[in-house]
Amino acid sequence: MKELNMWKQLGLLILIVLCVFCLSSCRKTEYEMAGSATQNVQVQATRVPTAVPAAEPIDYDTYDPASEEDLGTDFDGVTDLSALLDQQATVYNEPTSAPTMNSQYAGATPVVIDPIDKPTPTPVPALTFTEYVVYDATKLGISFEAPAGWTVNDIEQSTYVLTNPDKSVDYQATLKVSVYTVNTEYNQSQMAKEVKNILSQYRSGYNSFSPTNTATRTLLDKTGVYADYSGVNKAGQSVGGRVHLVGIGKKLYVLELSWPKAYTETYKDTVYKQFRHSVKITK
């Protein structure tokens, strides 16, 4: 009997040892699985998405203002190249820090309010030219129409100048026509170079000066080259203008028209257009 009880106790002890061994194995497997999962999470957390490359900036240096021209049958739909130049100017403003916002307004979209004392641009008085007359520049061998009453200066052999006598505007407009004899008929490239030379000569008389690129347009029924400009001259006057020339045979015809900058559109739509449509070679 004692021997039977001893074997029972021994079997119970073996059973307990086996249970403890199985329990330890299960816990070890659980720890290994948990450690593997934690490692995967850490690996995923360290992955950084690939940055998307920024778009290539636009190269405005290659911009051609002639592409903005609406060239109709008689080429009257030209864009204001000087205005276009002003639009492309980049102005740098010093950034200001964001104002502190109360918590109750967090998430609200701020609204920009113009200062009360912001100056309002002063409108310029209307300017119209109702009467045009024919000016006969006999020394140059041409005639054209321009506003009546303008002062004539034809002292120079190769130049004919008209000046607006109205002194109510800070700058008196001028229309200057010149005819030069050259060795050969100018091509488009030579005409463009000549326009740039004229604009370069203007620069010395201005405190600030901004010319546009050259573009093509007909004059005297032939394709010519022109460019606009704007600036502030040494007298502090804001001036706009256009230089337009064309080569016909061995002669170079040059128009130089300047005006008060505030009346740019008026002069281009009236005086310039009237000259261009009426100019004729008389000899």
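A quick note: this is a predicted structure, and the numbers were derived from the prediction, not measured.

Visitor: What's the story with the pairing of strand β8 (residues 222-233) in this structure? I'm lost.
Guide: If a strand is regular, its side chains alternate between the two faces of the sheet. Burial analysis of β8 places 9 of its 12 residues in the buried class, the great majority of the element. Across 5 bridges, strand β6 (residues 206-211) lies against β8 in antiparallel orientation. Each residue of the ladder has a partner; that of S208, found in β8, is V232. In the sheet, strand β7 (residues 215-219) pairs with β8 via 5 bridges, with the strands oriented antiparallel. In the strand pairing of β8, T216 is matched with V225. Pairing geometry for β8 and strand β9 (residues 238-248), over 8 bridges, is antiparallel. Residue V225 lies in a different strand from β9, and its bridge partner there is L245.

Visitor: I would appreciate a short explanation of the nonpolar core in the present structure.
Guide: Burial of nonpolar side chains together is a common tendency in soluble globular proteins. Ranked by internal contacts, the top residues of the largest apolar core, which has 29 residues, are F144, W150, L175 and Y267. Elements with a contribution of two residues or more to this core: β1 (132-137), β2 (142-147), β4 (159-163), β5 (174-181), β10 (251-260) and α4 (264-278). Those residues in contact with L175 that sit more than four places away from it in its chain are F144, W150, Y160, V161, L162, L255, E256, L257, V271 and F275.

Visitor: What is the right way to read the sheet that holds strand β11 (residues 280-281) from this model?
Guide: In a beta sheet, neighbouring strands pair by backbone hydrogen bonds and run either parallel or antiparallel. What the 3 strands build is an open sheet, ordered β1-β2-β11; its pairing is antiparallel. Only two strands of the sheet have a single partner each, and these edge strands are β1 and β11. Pairing of β1 with β2, which is carried by 6 bridges, proceeds in the antiparallel orientation. The partner of A137 across the bridge, within β2, is I142. This element, α4, spans β1, β2 and β11 of the sheet and lies at about 155° to β2.

Conventions adopted
- Residues numbered from 1 in each chain as written.
- Predicted model: local features only at pLDDT ≥ 70, side-chain atom pairs only at ≥ 80, totals over all residues.
- Heavy atoms only, no water.
- Buried < 20%, exposed > 50% of the residue type's maximum accessible area, 1.4 Å probe, protein only.
- Helix = DSSP H or I, 4+ residues; strand = E, 2+ residues; numbered from the N terminus.
- Pairing = 2+ DSSP bridges.
- Core = buried A, V, L, I, M, F, W, Y, C linked by side-chain atoms within 4.5 Å.
- Contact = heavy atoms within 4.5 Å.
- Axes fitted to C-alpha atoms, helices over the stretch in contact; angles between N-to-C directions.

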